[in-house]
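# Tertiary structure, described
Read off the chains here:
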Amino acid sequence: MHEAPPPTPASPPASSAVPAEPLSHGLKQRHLTMLGLGGVIGAGLFVGSGAGIAVAGPAIVVSYLIAGALAMLVMRMLGEMSAAMPASGSFSVHAERALGRWAGFSVGWLYWFLLVVVLAVEATAAAQIAHGWVPGIEPWAWVLLFMVVFTAANLTAVKNFGEFEFWFASLKVGAIVVFLVLGVLAVLGLLPDTDPVGMANLTGQGGFLPNGWGGVVSGVLTVVFAFGGLEVVTIAAAETDDPARAVGRAVRSAVVRILFFYVGSMLVIVTVLPWTAQQAGLSPYVKVLDAIGVPSAGQIMNIVVFVALLSALNANLYGSSRMVFSLAERGEAPRGLLKVSGGGSREATGAGSRETTGGGSRETTGGVPRRAVLASVAFGFVSVLLNLLWPDTVFLYMLNSVGAVLLFVWALIAASQLRLRARLEQEAPEALSLRMWCFPYLTWVTLAGLAGVLLLMLTDEAARPQVLWSAGATALVLLVAVGRQWRERRGSAVADR
């Protein structure tokens, strides 16, 4: 098993210290840019935003601004580290270098577990939509079809994943742009049979803050997790020709545009219709499109949500496979997962990382981590079966156990950036091609914001089980990480006697 040296303040975190990845470089800048734009636009926005509007009213715009700003700051920090030290393990690698092996192990496995559990929700939801279109095919058959198709896509060249995500994201981004244009025209009364709306729906029905600032806070708790998925951009950057440049451009273009899409959509929705017309579980987009006379609005949004779910399924399969592959590279997962397509495997040695083949060893030339893909898919299938067989018991507990994991991951990203930024400025300032704003103040603000969200979830009866179950899962992973590190140190001490 690969024994990585424990990080110390003297160990250089510069990009030159990061060994070249053995993975292929098949992703293009357009793939990464669109992944950054579309990767976070999912069912949480198209459907889940209705729950946020129901609790916050028109002030859901403020809730999205707060949650979006938090996500944007995390993404900027992650972009800074990934541009300086691109790696397929992204924030797991950064956490190991900044805080120690326990941190890299913990955040890597927690994120992998999050992806493969959420994958089951996405596959099942997409299957339900498809079953509504073709009732003769059972949902389980649709799930099987989706899993087989995207497994095949992820087992072949990485450019196939990139192409799938490029077109999925293009459809989602295009749908939001069309929605924003139609919404603005409706507000101005420029559509047929419409009158200018004005500010009536923003100030009526209780005003802009019908439930006070408490409603805004509740809205933040409802929508903050919709921004999950941005992290995959920095994982994918390692498989581009120029990772540092690619991730920098993707982060810069994504964060502001995503805020525009999210906040702009919400502003259009609460301006066109009274907030009281929205209901949790129903798409506010459908209600707006119906109100302005778009025919078959429900089916149009069903198609968009269906694509969004498949896009998330594809991205989660990709992200989970690369994360577990990175863990295996660092000796934190079984070595068998290091096998890449082309007959090679990644080996870690004291002199660096190599790829080995049947004819000897050579420097890594790239490939697809097929065993890592299959391992992630296998657990994804288990999650799907649990969701189909015991959705209200076993799978519910699993889902609760990852409910707040995203916040823990973001907190470790911020903590890692605090440590690595200072070291990079001293040892490799030229690697800082993308810098976090107002360092370290905004990093501390982000950590305080994440802590605040967790505390608010603890006070919310509906969200509390997610925090407690997620804290339990995190504690278990931390216990395993500390135990492994203690055993390795004890073994080294015995060997030195």
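Everything numeric here is computed off the predicted structure, so don't read it as measured data. (Residues numbered from 1 in each chain as written. Predicted model: local features only at pLDDT ≥ 70, side-chain atom pairs only at ≥ 80, totals over all residues. Heavy atoms only, no water.)

This brings us to empty space enclosed by the protein. One pass over the structure, following the stated rule, counts three cavities of 30 Å³ or more. Of the voids in this model, the largest cavity is the one considered here, and its volume is about 50 Å³. As for the largest cavity, its lining consists of Gly-68, Ala-71, Met-72, Phe-227, Leu-230, Val-255, Ile-258 and Leu-259. Elements with a contribution of two residues or more to the lining of the largest cavity: helix H4 (60-84) and helix H12 (243-272). Taken together, the residues that form the lining of the largest cavity break down as seven nonpolar, one polar and no charged. (1 Å grid on protein atoms, 1.4 Å probe; cavity = no way out; pocket = protein on both sides within 12 Å on 5 of 7 lines; lining within 4 Å. Points joined across faces, edges and corners; volume = space filled by probe spheres on them. Helix = DSSP H or I, 4+ residues; strand = E, 2+ residues; numbered from the N terminus. Nonpolar A, V, L, I, M, F, W, Y, C, P; charged D, E, K, R; others polar.)

Applying the stated criterion across every chain yields a total of 20 aromatic pairs. Residues Phe-150 and Phe-164 carry aromatic rings whose centres are separated by 5.5 Å and whose planes lie at 65 degrees to one another, so their mutual orientation is edge-to-face. Of this pair, Phe-150 sits in helix H7 (residues 139-155) while Phe-164 sits in helix H8 (residues 158-188), and the two are 14 residues apart along the sequence. Residue classification places Phe-150 among the buried positions, given a relative accessible area of 3%. For Phe-164, a relative accessible area of 30% puts it in the partly exposed group. Of the aromatic side chains, those joined through ring pairs into one cluster are Phe-105, Trp-109, Trp-112, Phe-113 and Phe-379. Sitting above the plane of the Phe-166 ring, Arg-30 keeps its charged end 4.7 Å from the centroid. (Phe/Tyr/Trp six-rings, centres within 6.5 Å; stacked < 30°, edge-to-face > 60°. Buried < 20%, exposed > 50% of the residue type's maximum accessible area, 1.4 Å probe, protein only. Lys NZ or Arg CZ within 6 Å of the ring centre and 35° of its normal.)

The subject of this paragraph is H7. In this model H7 runs 24 Å from its N-terminal to its C-terminal C-alpha over 17 residues, within 8% of the 24 Å that 1.5 Å per residue would give. Buried residues of H7: Pro-139, Trp-142, Val-143, Phe-146, Met-147, Phe-150, Thr-151, Ala-153, Asn-154 and Leu-155, and no others. Close packing links the buried residues of H7 with helix H6 (101-133), H8, helix H14 (297-329) and helix H15 (370-389). (Expected span 1.5 Å × (residues − 1). Contact = heavy atoms within 4.5 Å.)

Looking now at the pattern of salt bridges. For the coordinates displayed, the defined rule picks out ten salt bridges. The partner of Arg-30 in a salt bridge is Glu-163, and the shortest N-O contact between them spans 2.3 Å. On the criterion of sequence distance, the pair formed by Arg-30 in helix H1 (residues 29-38) and Glu-163 in helix H8 is long-range, its members being 133 residues apart. We classify Glu-163 as partly exposed; its relative accessible area is 24%. With its nearest N and O atoms 2.9 Å apart, the salt bridge here joins Arg-101 to Glu-332. Taken together, the residues Arg-101 in helix H6 and Glu-332 in the loop between H14 and strand S1 (339-340) connect sequence positions 231 residues apart. Note on Glu-332: relative accessible area 4%, which makes it buried. Among the charged side chains, a network of salt bridges with common partners joins Glu-80, Arg-421, Glu-425 and Arg-435. (Salt bridge = Lys/Arg side-chain N within 4 Å of Asp/Glu carboxyl O.)

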